[in-house]
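For reference, the chains in residue letters:
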Amino acid sequence: MEPLETRDPNKRRLIEVSEHHKHEVEKEVRSLSDKTEKMIINGLIIGGSPGHYLLYYQPMGRVEVKKKKAKTKERELETEADDVLVAPL
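What counts as what
- Residues numbered from 1 in each chain as written.
- Predicted model: local features only at pLDDT ≥ 70, side-chain atom pairs only at ≥ 80, totals over all residues.
- Heavy atoms only, no water.
- Helix = DSSP H or I, 4+ residues; strand = E, 2+ residues; numbered from the N terminus.
- Buried < 20%, exposed > 50% of the residue type's maximum accessible area, 1.4 Å probe, protein only.
- Areas by Shrake-Rupley, 256 points an atom, 1.4 Å probe, with all protein chains shown as cover.
- Patch = residues over 30% accessible without salt bridge, like charges linked within 9 Å, V, L, I, M, F, W, Y side chains within 5 Å.
- Salt bridge = Lys/Arg side-chain N within 4 Å of Asp/Glu carboxyl O.

Enquirer: Just checking my understanding: could you explain the overall build of the protein chain for this structure?
Expert: A count of helices and strands for the protein chain gives two helices and zero strands. The burial tally for the protein chain puts 1% of its 89 residues in the buried class. For the protein chain, the exposed surface amounts to about 8,700 Å²; the carbon and sulfur share of it is 62%.

Below you can see the structure in the form of structure tokens.
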């Protein structure tokens with residue numbers, strides 16, 4: 001015995017059409033979510049490279065710059081001290 005909703009041919013056709021649309025919408029949602037996932041992964045990879053550079057290499061570079069500045073200051077102070085010592089009284 002058939003369920004009551006499928007006895008009427010119009011209802012059966014509507015149910016089949018709605019099932020078809022439901023599967024199509026699910027297929028589109030899956031496709032969009034896959035594309036979105038790929039875009040997010042690509043964005044993280046692309047955005048991660050500069051982030052990695054900033055987090056890893058920049059602190060090292062700053063230390064070197066500070067050391068260079070400190071050395072140049074020391075040299076300037078030494079030359080000033082030498083100038084003071086060499087200057088006639």
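Enquirer: Would you mind going over a nonpolar patch on the surface with me for this structure?
Expert: A contiguous nonpolar surface patch, about 310 Å² in accessible area, is contributed by I41, I45 and I46. The residue I41 is located in helix α2 (residues 9-86) in this model.

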